[in-house]
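Here's the letter readout for the chains.
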Amino acid sequence: MGQPQKDEGGLVRQAHGLTADLTAPDRRIYWLDLALTATAAWGGLWIAATAGHPGIVIAAGLVGLLAIYRGLSFIHEISHLRPKDVPGFRLGWNLLVGVPLMTPSMMYEGVHNLHHAKHRFGTAKDPEYLPLGRYSPFKLGLFTAISLLAPLGVILRSGVLVPLSFVVPPVRRFVRTKLSALVINPDFVREDNDRTRPDWLAQEIGCWLWCWGVAAATVAGFVPVRVVATWFVLFSLATFVNQLRTLAAHYWHNDGEMMSFEEQFLDSVNVPPPALLPFLWAPVGLRYHALHHLLPRLPYHNLGKAHARLSARLAATSPYHRVEEKGLFVALAKLFARAGGAPVLAVEADTVERKSA
């Protein structure tokens, strides 16, 4: 592929130039992936909830867990897709995954893009950033463990607060501003949900009716309690795995100040091959989180190709090579090891190392 390029003209311009042919989503991949994932998720859940042999229950439960997690991870991809990119995919995903998990796409659309906003990343206005690098190990553990309550949260939202909000205006305002976004920043207030979008309203009503429908079918005996309990456990574990992945997605060095683009990039993490397990714990391209921040329009199925190309063509001195970790547990160990310490930006640390050398 030629000689490595010098780091001139900026990393973004270079990356765009090297990956311009990889920006088009392949609709067949999206639909096939979604269909297979949904089949594995709900098939695995049903077998785990109805089988009698413990080995079958565990195997089916593991398949269901990983597939539910993968299916849920598509919400990130949807937040970056334009309607014309993969027509109907948003609706299909909501019907197969979003509504059954009571986590519709409207909870990430219009929210996740703020995490990519140049002047919001790493600040108090970033919905997906906290100074986790300064948390104590206990607080990091609590941050991770609380994710296990996600199923209870979506049941409360869809089954109680959403229907109540249609008759109690203050509850409606609270649901719209504080309970309609998937965030890790508890102080984030949603600002774009004060209008009625038919598709967003349909998603909320769909989750409400699904919640009540499943509850009624369970009480009536049509749906075994074990199926609902299995759904709860697998969904809870899936959100727990996602919370671990979240901890490994950034270095979390910032403490609320605005960051330069290079600082933002160097605060993000790639976990590329030869590591194999990221395929499971960081699916749908999430293992290339730093690359995604560099080129957010790249579809998930081309991120691996783009990473290989950039790794080969960019100079050894390029910042692109400074954001890799070998695996989930390596990244988590580093985060917990520096927990509670003073914030040190990766770019600053690298500068110190080069000066001392």
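Residues numbered from 1 in each chain as written. Predicted model: local features only at pLDDT ≥ 70, side-chain atom pairs only at ≥ 80, totals over all residues. Heavy atoms only, no water.

Concerning the overall build of the chain
So, point 1. Along the chain, the regular secondary structure elements total 16 helices and zero strands.
So, point 2. Relative to the globule expectation of 21 Å for 357 residues, the C-alpha radius of gyration of the chain, 21 Å, shows essentially globular dimensions.
So, point 3. The principal-axis extent of the C-alpha atoms belonging to the chain is close to 70 × 45 × 45 Å.
So, point 4. Evaluated residue by residue, the chain yields a buried proportion of 50% over its 357 residues. (Helix = DSSP H or I, 4+ residues; strand = E, 2+ residues; numbered from the N terminus. Rg over C-alpha atoms; globule rule 2.2 N^0.38 Å. Buried < 20%, exposed > 50% of the residue type's maximum accessible area, 1.4 Å probe, protein only.)

Topic: helix H15 (residues 328-337)
So, point 1. All buried positions along H15 are accounted for by Leu-328, Ala-331, Leu-332 and Leu-335. Within H15, the buried residues cover an arc of 95 degrees as seen down the axis, which keeps them to one side. Of the exposed residues in H15, the ones pointing more than 90 degrees away from its buried face are Phe-329 and Ala-337.
So, point 2. Summarising the contacts, the buried residues of H15 are in contact with helix H6 (137-145), helix H10 (225-249) and helix H12 (278-281). (Arc of directions from axis to C-beta. Contact = heavy atoms within 4.5 Å.)

Thoughts on the side chain of His-112
So, point 1. Within the secondary structure, His-112 is located in helix H5 (residues 112-115).
So, point 2. Residue classification places His-112 among the buried residues on the basis of a relative accessible area of 1%.
So, point 3. There is a polar contact of 3.1 Å between the side chain of His-112 and the side chain of His-76.
So, point 4. In this structure, His-112 is in contact with His-76, Ser-79, His-80, Glu-128 and His-292, ignoring residues within four places of it in sequence. (Polar contact = N/O pair within 3.5 Å; in protein donor to acceptor, adjacent residues only side chain to side chain.)

Topic: the nonpolar core
So, point 1. One finds Tyr-30, Ile-68, Phe-74, Phe-89, Trp-93, Leu-101 and Trp-231 to be the most contacted residues of the largest nonpolar core, which totals 32 residues.
So, point 2. If you list the elements that add at least two residues to this core, you get helix H2 (27-50), helix H3 (54-78), helix H4 (89-98), helix H9 (198-220) and H10.
So, point 3. If you tally residues by element for this core, the top one is H3, at eight residues.
So, point 4. Contacts of Leu-101, omitting those with residues within four sequence positions, involve Trp-42, Ile-68, Leu-72, Val-154, Trp-231 and Phe-235. (Core = buried A, V, L, I, M, F, W, Y, C linked by side-chain atoms within 4.5 Å.)

Quick look at the packing of helix H7 (residues 150-165) against H10
So, point 1. Interaxial distance between H7 and H10 falls to 8 Å at its minimum, and their mutual angle equals 115 degrees. One finds that H7 runs roughly perpendicular with respect to H10. Contact with H7, carried on its side by Ala-150, Pro-151, Leu-152, Val-154 and Ile-155, involves Trp-231, Phe-232, Phe-235, Ser-236 and Thr-239 of H10 and no other residues of that element.
So, point 2. Here the contact of H7 with H10 is built from residues that sort into eight nonpolar, two polar and no charged. (Axes fitted to C-alpha atoms, helices over the stretch in contact; angles between N-to-C directions. Parallel < 35°, antiparallel > 145°, perpendicular 65-115°, else oblique. Nonpolar A, V, L, I, M, F, W, Y, C, P; charged D, E, K, R; others polar.)

Brief notes about the layout of surface pockets
So, point 1. There is about 1,400 Å³ of room inside the largest pocket.
So, point 2. As for the largest pocket, its lining consists of 46 residues, and the residues nearest its centre are Ala-181, Leu-182, Val-183, Ile-184 and Gln-243.
So, point 3. At the level of secondary structure, the elements contributing two or more residues to the lining of the largest pocket comprise H3, H5, H6, H7 and H10.
So, point 4. Among the residues making up the lining of the largest pocket, the classes are represented as 26 nonpolar, 15 polar and five charged.
So, point 5. Broken down by secondary-structure element, the contributors of at least two residues to the lining of the second largest pocket are H2, H9 and H10.
So, point 6. Residue contributions to the lining of the second largest pocket peak at five residues, all from H9.
So, point 7. Of the residues contributing to the lining of the second largest pocket, the split by class is 14 nonpolar, one polar and no charged. (1 Å grid on protein atoms, 1.4 Å probe; cavity = no way out; pocket = protein on both sides within 12 Å on 5 of 7 lines; lining within 4 Å. Points joined across faces, edges and corners; volume = space filled by probe spheres on them.)

Considerations on the pattern of salt bridges
So, point 1. Summed over all chains, the structure comprises 14 salt bridges.
So, point 2. When the shortest N-O distance is used, the salt bridge between Arg-309 and Asp-21 registers 2.7 Å. Of this pair, Arg-309 sits in helix H14 (residues 303-313) while Asp-21 sits in the loop between helix H1 (11-19) and H2; the two residues are 288 residues apart in sequence, bridging distant segments of the chain.
So, point 3. For Asp-199, the salt bridge goes to Arg-197, with nearest N and O atoms at 2.7 Å.
So, point 4. A cluster of three or more residues bridged by salt bridges with shared partners is formed by Arg-82, Asp-85 and Arg-297. (Salt bridge = Lys/Arg side-chain N within 4 Å of Asp/Glu carboxyl O.)

A closer look at the environment of Leu-65
So, point 1. By secondary structure assignment, the location of Leu-65 is in helix H3.
So, point 2. Leu-65 sits 171 residues away from Ser-236 along the chain, and the two C-alpha atoms are 9.1 Å apart.
So, point 3. Among all residues touching Leu-65, those that are not within four sequence positions of it are Leu-234, Leu-237 and Ala-238.

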